[in-house]
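Results of the structural survey
Next come the chains, spelled out residue by residue.
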Amino acid sequence: MEVFRNGSLKKFNTFNVDEKAKVLVEIDRVSDLFTFLTKENQKDKMLVLGGGSNILFTKSYEGIIISLKNKGIKLIDEDENNILVEISSGESWNDFVVWAVENNFGGVENLSLIPGNVGAAPIQNIGAYGVELKDVFYSCKGIMLDTLNEFEFTKSDCEFNYRSSIFKSTLKNKTIITSVKLNLTKSKHNFNVDYKELKENLLDTELTIKNISDQVIQIRKSKLPDPKIFGNCGSFFKNPIINISRHESLINKFPDIPFFKIDNNNYKISAAWLIDQSDFKNKKVKNVGVYSNQPLVIINHGNAKGKDILDFAKEIKETVIGNFDIELEEEVLIL
Ligand code: EPU
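Residues numbered from 1 in each chain as written. Predicted model: local features only at pLDDT ≥ 70, side-chain atom pairs only at ≥ 80, totals over all residues. Heavy atoms only, no water.

Further remarks concern the environment of Asn 81. With respect to the helices and strands, Asn 81 occurs in the loop between strand S6 (73–78) and strand S7 (82–88). In this structure, the C-alpha to C-alpha distance between Asn 81 and Leu 184, residues 103 residues apart in sequence, is 8.8 Å. Setting aside chain neighbours within four positions, we find Asn 81 in contact with Leu 184, Thr 185, Lys 186, Ser 187 and Lys 188. At 2.7 Å, the side chain of Asn 81 and the side chain of Ser 187 are in polar contact. (Helix = DSSP H or I, 4+ residues; strand = E, 2+ residues; numbered from the N terminus. Contact = heavy atoms within 4.5 Å. Polar contact = N/O pair within 3.5 Å; in protein donor to acceptor, adjacent residues only side chain to side chain.)

Given below as structure tokens:
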């Protein structure tokens, strides 16, 4: 366990924003959490950081930031076709996916190259290319911050939804997730290649876990910027969900708008398209802009302040409301 006072958060967020935290603590064993979470420390506000890949710091954090570095992948159970694994929350999500792909375990190959840590994955039910964490999720363990009681939540306890879970609603900032159990397949894999671009790229290729993962990596690399080059947090906004009557009037006015049917009453609209059509692609304000290949991603061109990124995001929101009467909701946590 290492404690830093007034520590810089620059290396702890993928927007590469240089804000400070009153206290920053790096913890590599769950037992150290109990040592650290004394009554005195619990009086402060607290934030658990995964990879810092979905967070925008707009000012100093006047509390304690816990960076979890607990590692390990454990085999819990297996039968002929399936395997249950428990992954410590401080593992990098992508390192875990690489491990699964190398061992030919199926279920997370579509989620290749997503930044962040395993412990953060259930919070927003990470998803990409037609698969969400909930599809392989079995349970997660954690600690309640107020009582320090340990819990294990099943899939239904977590109330997963599109980029959301109980950890973003009722239990927001009230828990620390310490490990996640996932169900992977050993054989009879059910590949998901419904996502248009993935399907097209795999037309002449044998469907294997490795080939799907390789294609996902290729698509992601072509669309999403490397945070080491341009600070970013992936999609800044969620794709808005609108009802059927709003959808009908929208496609009457804008026949090209890309959408995905969710159920008989609801449609998901492409936020990238709304931003693209609002002419943000070549805009740059105070070293902040959108990524040319995917305007849903806001990028730091270098040394932008968190506040500059927030102001730019507000400008996007206001313009999209003006043009389409749709309010974009942030996917990124803003502090
Ligand atoms: N589009 C444009 N202009 C552009 C780029 C895209 O109009 O410059 C339109 C296209 O019509 C395209 C559509 O936007 O078909 C959707 O783009 P994309 O396929 O990249 O997917 P997305 O809906 O924008 C979501 C996730 C991503 C995830 C991809 C792939 C959200 C908020 N974002 O993006 O997640 O990787 O699908 O599944 O759901 C993340 O959460 O950080 C993230 C990157």
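That covers the picture; the talk isn't over yet.
A separate point is unusual backbone geometry. Backbone geometry at Asn 125 places phi at a positive 45°, although glycine is not the residue there. Its place among the elements puts Asn 125 in the loop between helix H3 (93–102) and strand S8 (127–128). Notably, Leu 148 is not glycine yet its phi reads approximately 65°, a positive angle. Position of Leu 148 relative to the elements: it lies in the loop between strand S10 (137–144) and strand S11 (150–154).

With that settled, the discussion passes to the site of the ligand. Taken together, 23 residues form the shell around the ligand, and within it Tyr 129, Tyr 162, Tyr 195, Asp 276 and Lys 281 come nearest. At 2.6 Å from an oxygen atom of the ligand is found a main-chain nitrogen or oxygen belonging to Tyr 129. Relative to its free-state accessible area of 840 Å², the ligand is covered by the protein chains to the extent of 80%. A domain split of the shell around the ligand shows at least three residues from each of domain 2 (73–223) and domain 3 (241–334). (Near = heavy atom within 4 Å. Areas by Shrake-Rupley, 256 points an atom, 1.4 Å probe, with all protein chains shown as cover. Domains from an automatic or database assignment.)

Spatially, 4 strands are ordered S13-S19-S18-S17 in an open sheet, and the strand pairing comes out antiparallel. Among the strands making up the open sheet, the edge pair consists of strand S13 (231–235) and strand S17 (284–285). Where helix H8 (residues 306–324) meets the sheet, its contacts fall on S17, strand S18 (288–291) and strand S19 (294–300), and the angle it forms with S18 comes to roughly 60°. (Pairing = 2+ DSSP bridges. Axes fitted to C-alpha atoms, helices over the stretch in contact; angles between N-to-C directions.)

Another point: the nonpolar core. Ranked by size, the top nonpolar core spans 41 residues in total, and within it Trp 93, Phe 96, Phe 153, Phe 167 and Leu 182 carry the most contacts. Mapped by element, the contributors of at least two residues to this core are S7, H3, S10, S11, strand S12 (175–185) and helix H5 (209–223). Among the nonpolar cores identified, the runner-up in size contains 32 residues, and Leu 56, Ile 242, Ile 309 and Leu 328 belong to it. (Core = buried A, V, L, I, M, F, W, Y, C linked by side-chain atoms within 4.5 Å. Buried < 20%, exposed > 50% of the residue type's maximum accessible area, 1.4 Å probe, protein only.)

Turning next to the layout of surface pockets. Approximately 740 Å³ is the volume attributed to the second largest pocket. Here the lining of the second largest pocket spans two domains, since at least three of its residues come from each of domain 1 (2–68) and domain 2 (73–223). (1 Å grid on protein atoms, 1.4 Å probe; cavity = no way out; pocket = protein on both sides within 12 Å on 5 of 7 lines; lining within 4 Å. Points joined across faces, edges and corners; volume = space filled by probe spheres on them.)

Burial within strand S2 (residues 20–27) is extensive, with 6 of its 8 residues counted as buried. Relative to S2, strand S1 (residues 2–8) runs antiparallel, the two being bridged by 6 bridges. Its bridge partner being in S2, Gly 7 is matched across the sheet by Ala 21. Strand direction decides the pairing type here: S2 and strand S5 (residues 61–68), joined by 6 bridges, are parallel. The partner of Val 23 across the bridge, within S5, is Ile 64.

This next bit is on the domain arrangement of the protein. You can read the domains of the protein as domain 1 (2–68), domain 2 (73–223) and domain 3 (241–334). For domain 2 versus domain 3, the separation of C-alpha centres amounts to 26 Å. In this assembly, 7 residues from domain 2 lie in contact with 7 residues from domain 3. Roughly 550 Å² of surface becomes buried between domain 2 and domain 3 when both sides are summed, with 45% attributable to carbon and sulfur atoms. Across the domain 2-domain 3 interface, the total number found is 1 salt bridge. Taking the shortest distance from any N to any O, the salt bridge between Arg 163 and Glu 331 comes out at 3.0 Å. Counting every contact that joins domain 2 to domain 3 gives 2 residue pairs in polar contact (both at pLDDT 80 or more). A breakdown of the residues in the side of domain 2 that touches domain 3 according to their chemical character gives 1 nonpolar, 2 polar and 4 charged. (Buried area = accessible area lost by both parts, 1.4 Å probe. Salt bridge = Lys/Arg side-chain N within 4 Å of Asp/Glu carboxyl O. Nonpolar A, V, L, I, M, F, W, Y, C, P; charged D, E, K, R; others polar.)

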